[in-house]
Structure formats: C-alpha cells, structure tokens
Amino acid sequence: MDLALLVNPAARGGRTLRLLAPLVRRLRQGGAEVSVIVGDGPADALERACTAVAERPDALVAFGGDGLVHLALQAVAGGEVPLGIIPAGTGNDFAAALGLTGRDPVKTILRGRARAIDAARVGPDEWFASVVCCGFDSRVNERANALTWPPGMAKYLLAAAGELRDFRPIPFRIILDGRVVEQEAMLVAVGNTRSYGAGMRICPTAEPDDGLLDVTILGAVGKGAFVRSFPRVYRGGHGAHPAVTMVRARTVTLEAPDVVAYADGERIGPLPLTCAVSPGALRVLI
C-alpha cells in the first residue's frame with residue numbers, strides 16, 4: 001500500500017508525536033510505503049494533504065482526533081481516495097461511530113477494506129462527517145477557545161459554567177427540506193453520526209450511510225432543568241425530554257442571531273448556514 005499519513009503534532013499535548021516513529025515502523029513492516037505529512041498549521045497541512053491526495057495514494061490516513069479527521073475530510077470527500085483513521089485524540093467520536101476504537105488501527109489500515117458512507121456540506125465549501133452544533137454548546141466552545149488556562153477538559157467545564165450564567169434561549173429559524181420551524185431553543189445539532197464532545201450522543205439514532213441528517217432541537221427550558229437533563233446526552237436518553245425534538249432531513253438551514261456554528265469540533269462561522277448530505281461521498285477504511 002501507498003499511504004499518506006497526516007499527523008497532528010499537537011494532539012494529546014504532543015504525546016501523539018512521540019508515537020509517530022513506532023507507528024510508521026509497524027506500517028512499513030506490514031508492507032506499506034508511508035509518506036508523513038506534518039503542516040506548519042491547519043492551512044498548510046490541508047494544502048499538503050490535497051497535494052498528496054492528487055497523487056492518488058491508496059489512502060490518506062489521519063493520525064489524530066476529530067479535528068484532524070475533519071481536516072483530512074476536506075481533501076478526500078467526493079473523491080476516490082479513502083480515508084484511514086488512527087484515533088489519537090481526546091474524543092475520537094467519528095472513529096467510534098464507525099467501530100474503529102478499541103481495535104488495532106494498523107491492522108485496519110493494512111487490510112485496506114473501504115466502506116462508503118455519507119458526508120455533508122456545511123456552508124458553500126466545507127465538509128463535515130459527524131455533528132454540526134450551534135447554540136449553548138457552540139458558545140461554550142467560543143468561550144473555551146478564548147481561554148489560555150486551565151488546560152484540557154477543565155477549560156470547557158469552566159467555559160460551560162460561565163456560559164450557563166449568561167445564557168438565554170435563542171430564537172432559531174430552521175428549514176428542514178423546505179419546511180420552516182421557528183422556535184426558541186437552547187441548541188440545535190445536525191448529525192451525520194451520533195456523538196460529539198467525547199461521547200455525548202446528541203443525535204443518538206444517526207446512521208452515517210442512510211442519506212439523511214439527524215436534527216436534534218432542545219427547546220427553551222429553565223437553567224435548572226437544563227442542568228438536570230443534560231447528563232442524559234451521554235446515554236442518548238435526552239430524546240424522552242418533552243423539550244427535545246428529533247427529526248431527519250436531507251437539507252437543513254439554520255438561522256439565528258449572534259450564533260456561531262462548529263462542525264466536528266471545528267469553528268465554521270456565524271449563522272445562517274445550510275447543511276446538505278451527500279450520500280456515499282466518503283470512503284473510509286474499516
């Protein structure tokens with residue numbers, strides 16, 4: 001096999017980079033030719049990945065977490081080169097959705113068996129593979145990204161506490177395959193797969209190959225009810241809450257004032273935005 005290995009040197013606080021040499025050695029011992037891609041930043045990494053994909057390797061392999069998978073997706077979605085994933089991030093939600101965690105990723109890559117799944121566009125020129133979020137969760141991301149301390153997940157807990165203090169329900173206008181829904185909501189999530197944020201099953205019934213996007217709307221609730229009900233998301237049990245609506249659509253347009261969307265954990269930009277599924281647009285080694 002001819003593999004282009006895309007690496008995030010910052011994954012897990014730099015610990016991933018120390019695993020690079022033994023990983024490459026195992027792949028080469030398995031008969032693969034491996035070229036390593038490490039960009040100076042996201043834009044440079046994407047440019048290098050696109051250049052590598054243009055040379056038609058047997059796979060572009062993302063060695064990192066959901067953020068790196070999102071970046072690799074921009075290079076391979078809609079094309080013939082499959083995506084390989086060696087999960088090495090904090091969440092690895094997309095890899096988990098495809099059953100890739102808890103297995104030997106090197107064996108998976110060397111087996112070379114590809115599965116066609118859906119990918120989706122968000123906005124005019126960005127692909128996503130797992131979940132687009134906007135509302136309380138995306139505002140927590142905005143706060144957390146502005147903090148330099150504390151490190152790791154503690155930063156998100158601190159940001160969540162601060163956002164909860166100030167948060168008010170947001171007036172959303174959501175267009176689902178042409179049908180308009182207008183309501184105040186705490187958050188809206190659009191999922192190609194079920195989870196985000198290291199295991200929060202926000203769209204618990206999402207399937208990555210059904211040609212549809214799952215939409216979860218958490219309507220306006222009091223802060224106390226929100227705090228009490230939110231832990232259910234880790235089991236996917238929040239769908240039973242009377243304020244939660246779950247629907248499916250092929251195209252979803254989101255409109256709301258002063259709301260920024262995140263996709264696969266990466267900042268996309270302010271609403272309005274349209275998400276549109278593209279069935280079978282991504283091939284993944286499984």
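This write-up is about the structure you can find in this document. Since the structure is predicted, the reported quantities are computational estimates derived from the model, not experimental observations. (Residues numbered from 1 in each chain as written. Predicted model: local features only at pLDDT ≥ 70, side-chain atom pairs only at ≥ 80, totals over all residues. Heavy atoms only, no water.)

### A short note on the overall build of the protein chain
Inclusion rule: Only DSSP runs of H or I covering at least 4 residues are called helices, and only runs of E covering at least 2 are called strands; the numbering of each starts at the N terminus. For the radius of gyration, the atom set is restricted to C-alpha positions; the globular benchmark scales as 2.2 Å times the number of residues to the power 0.38. Using a 1.4 Å probe on the protein chains alone, a residue whose accessible area is under 20% of its type maximum counts as buried, one over 50% counts as exposed, and one in between counts as partly exposed. It only takes one pair of heavy atoms within 4.5 Å for two residues to be counted as in contact. Only the protein chains shown count as cover for residues, with accessible areas throughout obtained via the Shrake-Rupley method and a probe of 1.4 Å. A residue counts as positive if it is Lys or Arg and as negative if it is Asp or Glu; His and the chain ends are not included. Positions of charges follow a simple convention, taking NZ of Lys, CZ of Arg, CG of Asp or CD of Glu.
Summing up its helical and strand segments, the protein chain has 9 helices and 15 strands in all. In summary, the protein chain has a C-alpha radius of gyration of 19 Å against a globular reference of 19 Å for 286 residues, a match within 12%. Counting only C-alpha atoms, the protein chain reaches 55 × 40 × 30 Å along its principal axes. Every one of the 286 residues in the protein chain was classed for burial, and the buried ones make up 51%. Of the contacts formed within the protein chain by residues at least 6 apart in sequence, a portion of 70% connects residues at least 24 apart. Of the roughly 12,800 Å² that the protein chain leaves accessible, carbon and sulfur atoms contribute 51%. Separation between the mean location of the 31 positive side-chain charges and that of the 29 negative ones in the protein chain comes to 8 Å.

### Things to note about a negative patch on the surface
Spelled out, the test is: Patch membership requires more than 30% relative accessible area and the absence of a salt bridge. Residues of like charge join within 9 Å; the nonpolar side chains Val, Leu, Ile, Met, Phe, Trp and Tyr join within 5 Å. The rule for a salt bridge is simple: a side-chain nitrogen of Lys or Arg has to be within 4 Å of a carboxyl oxygen of Asp or Glu.
The grouping of Asp2, Glu33, Glu55 and Asp58 at the surface amounts to a negative patch. Position of Asp2 relative to the elements: it lies in strand S1 (residues 2-7). Overall, Asp2 belongs to the partly exposed group, its relative accessible area being 36%.

### Considering helix H7 (residues 136-146)
Burial in H7 covers these residues: Phe136, Asp137, Ser138, Val140, Asn141 and Ala144. Next to the buried residues of H7 lie strand S7 (131-135), helix H8 (153-166), strand S9 (179-191), helix H9 (223-229) and strand S13 (260-263).

### Considerations on helix H4 (residues 66-76)
An α-helical turn contains 3.6 residues, so a residue and the one three or four places further along point in the same direction. Counting buried residues along H4, 10 of its 11 residues qualify, which places the element largely inside the surrounding structure. By the burial criterion, the buried members of H4 are Asp66, Leu68, Val69, His70, Leu71, Ala72, Leu73, Gln74, Ala75 and Val76.

### Notes on the packing of helix H3 (residues 42-54) against H4
Cut-off, in case you're wondering: Note on method: axes are straight lines fitted to C-alpha atoms, helices fitted across the in-contact stretch only, with angles between N-to-C directions ranging 0 to 180 degrees. Working rule for angles: under 35 degrees goes down as roughly parallel, over 145 as roughly antiparallel, 65 to 115 as roughly perpendicular, anything else as oblique. A clockwise turn of the near helix away from the far one marks a right-handed crossing, whereas an anticlockwise turn of less than a right angle marks a left-handed crossing. Each residue is assigned to one of three groups, with Ala, Val, Leu, Ile, Met, Phe, Trp, Tyr, Cys and Pro labelled nonpolar, Asp, Glu, Lys and Arg labelled charged, and all others, Gly among them, labelled polar.
The N-to-C vectors of H3 and H4 enclose an angle of 40°; their axes lie 9 Å apart at closest approach. Considering their axes alone, H3 and H4 lie oblique with respect to each other. Every pair of crossing elements has a handedness; the one defined by H3 and H4 is right-handed. Contact with H3, carried on its side by Pro42, Ala45, Leu46, Ala49, Cys50 and Val53, involves Leu71, Gln74, Ala75 and Val76 of H4 and no other residues of that element. Among the residues forming the contact of H3 with H4, the class breakdown is 9 nonpolar, 1 polar and no charged.

Function cannot be read off these values alone, since they describe shape.
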